[in-house]
Amino acid sequence: MKVLVIGGGAREHALCRSLSLDPDVTALHCAPGNAGIAEVAELHGVNALDGQAVAELAAGLEADLVVVGPEAPLVAGVADAVRDRGIPVFGPSAQAAQLEGSKAFAKDVMAAAAVPTARSYVCTTPEEIDAALDAFGAPYVVKDDGLAAGKGVVVTEDVEAARAHALACERVVIEEFLDGPEVSLFAVTDGETVVPLQPAQDFKRAYDGDEGPNTGGMGAYSPLPWADPKLVDEVMATVLQPTVDELRRRGTPFSGLLYAGLAITSRGVRVIEFNARFGDPETQVVLARLKTPLAGLLHAAATGTLATFPPLRWSDGAAVTVVIASHNYPDTPRTGDPIDGLADVVAQDAPKAYVLHAGTKRDDSGAVLSAGGRVLSVTATGSDLTTARQRAYRAVGRISLDGSQHRTDIAAKVADDAAGA
């Protein structure tokens, strides 16, 4: 199977790494990729938002499968352009991707499918915003209706900060605050059959102790020892399958990766948001534990044959990923700084720990430089969370990036709790 992956972040590096380990993959390509992905795939310079350019590349490569990683190309209809060329593609249509592209659309789908979620108002005027903020009270949850690269949500006790964020958005969803821990659950679907992956938990805030601004995610772990063993079955029955069924009923079937961001509240499971693609950094830990070869699973979703795909196989161990971010992230990050120590991780920690590149590039001399806010995802596996965590942070310690930042408490509490249980 010849596979083309679209995107250039740590999620795509995780996908490419897993695909490169699949014996059925005979050629692996990525566009545009990054410095790390270049080690496992052939890179191509193409605008990931240009559906026709992506389709031309896929046809020229005689790709058997195209995997669209990020949300922006999906919402822009890149998967549609590839599908129109008769090439199997893992990723929803532009219409189905509105499940992530529009919070208001997602709320409408959830209401029709009786999916449990937070009560909310869609607001377009200052008067509607003030009425919604007043109705729910603090803490205020304000979400930009459109794509915002993981940074469009403000949760605050400060009504003025909430109002300012709302006013800066063309259309905004204001909703009740959901208490309880958050869980990410991915599911692969061909529009009818839904196959859940293992749950993970990510860390959204920039600093230790869940302090600081919201980010795209600073780390993640899987499995969740504290979660109810019936959680996946419950989410399948009340969230994932009803959503896929409702989208098919509307004539916009969802094929690809459906990501449910969940809150385990005192009143039960509630959907915080849907994404239409693999999440970052949860993908890094979920794929680290998946033993089933990835290409066949994604191809089955792309070709409508998931119903006959064998049950997924998982490692019994754990995985932890720690994000190394640039100076000043999540505000305007500093880029162009050299990254040292990557070879040391390969030499001393592989294969139990490895580095997935997010925002990196090579200069003319071949040196790896920072090229984004989130720069690296250092990922490790182990027999339990404590071991995986120790391996991840040992590898983090070998890497040098001037001014960089990372959280030191990824999976710390749950590892301690599990060890003490």
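Not measured: the values here are computed from a predicted model.

Draft legend 1. Fine view of the packing of aromatic side chains. Summed over the entire model, instances satisfying the criterion amount to five aromatic pairs. On the numbers, 5.1 Å between centres and 35° between planes, the contact of Phe186 with Tyr259 is tilted. One end of the pair, Phe186, is in strand S10 (residues 182-189); the other, Tyr259, is in strand S16 (residues 256-265), and 73 residues separate them in sequence. Note on Phe186 and Phe278: the rings are 5.7 Å apart at their centroids and 90° apart in plane angle, and the pair reads as edge-to-face. A residue pair is termed long-range when its members are at least 10 positions apart, and Phe186 in strand S10 and Phe278 in the loop between strand S17 (268-275) and helix H10 (282-289) qualify at 92 residues. Overall, Phe278 belongs to the buried group, its relative accessible area being 4%. Above the ring of Tyr354, the side-chain terminus of Arg17 is found at 3.6 Å from the ring centroid.

Draft legend 2. Looking closely at the sheet that holds strand S8 (residues 153-156). Pairing is antiparallel in the open sheet, where four strands are placed in the order S6-S9-S7-S8. Unpaired on one side and paired on the other, strand S6 (120-123) and S8 mark the two borders of the sheet. Along the sheet, successive strands turn relative to each other by an average axial angle of 20°, direction set aside. Bridging between S6 and strand S9 (residues 172-175) involves four bridges; their strand directions are antiparallel.

Draft legend 3. Representation of the packing of helix H6 (residues 103-113) against helix H9 (residues 231-249) in the model. Where H6 meets H9, the axes come as close as 9 Å, and the angle between the chain directions of the two elements is 105°. Classified by the angle their axes make, H6 and H9 are roughly perpendicular. Contacts between H6 and H9 involve Phe105, Val109, Ala112 and Ala113 on the former and, on the latter, Pro242, Thr243, Glu246 and Leu247. Residue composition of the contact of H6 with H9, by class: six nonpolar, one polar and one charged.

Draft legend 4. Spatial organisation of the packing of helix H1 (residues 10-20) against H10. Close contact between H1 and H10 brings their axes to 8 Å; oriented N to C, the two are set at 15°. Put simply, H1 runs roughly parallel to H10. The handedness of the crossing between H1 and H10 is left-handed. Between H1 and H10, the residues in contact are Ala10, Arg11, Ala14, Leu15 and Ser18 and Thr283, Gln284 and Leu287, respectively. The residue makeup of the contact of H1 with H10, split by class, is four nonpolar, three polar and one charged.

Draft legend 5. A look at empty space enclosed by the protein. For the structure on display, the rule yields three cavities of 30 Å³ or more. Counted as a void, the largest cavity has a volume near 70 Å³. Looking at the largest cavity, it is lined by 13 residues, and the ones nearest its centre are Lys103, Ala106, Ile272, Glu273 and Phe274. Residue composition of the lining of the largest cavity, by class: six nonpolar, one polar and six charged. The computed volume of the second largest cavity comes to approximately 50 Å³. For the second largest cavity, the full set of lining residues is Ala14, Arg17, Ser18, Gln284, Leu287, Ala288, Tyr354 and Leu356. When its residues are assigned to classes, the lining of the second largest cavity shows five nonpolar, two polar and one charged.

Cut-offs used in this document
Residues numbered from 1 in each chain as written. Predicted model: local features only at pLDDT ≥ 70, side-chain atom pairs only at ≥ 80, totals over all residues. Heavy atoms only, no water. Phe/Tyr/Trp six-rings, centres within 6.5 Å; stacked < 30°, edge-to-face > 60°. Helix = DSSP H or I, 4+ residues; strand = E, 2+ residues; numbered from the N terminus. Buried < 20%, exposed > 50% of the residue type's maximum accessible area, 1.4 Å probe, protein only. Lys NZ or Arg CZ within 6 Å of the ring centre and 35° of its normal. Pairing = 2+ DSSP bridges. Axes fitted to C-alpha atoms, helices over the stretch in contact; angles between N-to-C directions. Parallel < 35°, antiparallel > 145°, perpendicular 65-115°, else oblique. Contact = heavy atoms within 4.5 Å. Nonpolar A, V, L, I, M, F, W, Y, C, P; charged D, E, K, R; others polar. Left-handed = near helix turned anticlockwise from the far one by under 90°. 1 Å grid on protein atoms, 1.4 Å probe; cavity = no way out; pocket = protein on both sides within 12 Å on 5 of 7 lines; lining within 4 Å. Points joined across faces, edges and corners; volume = space filled by probe spheres on them.

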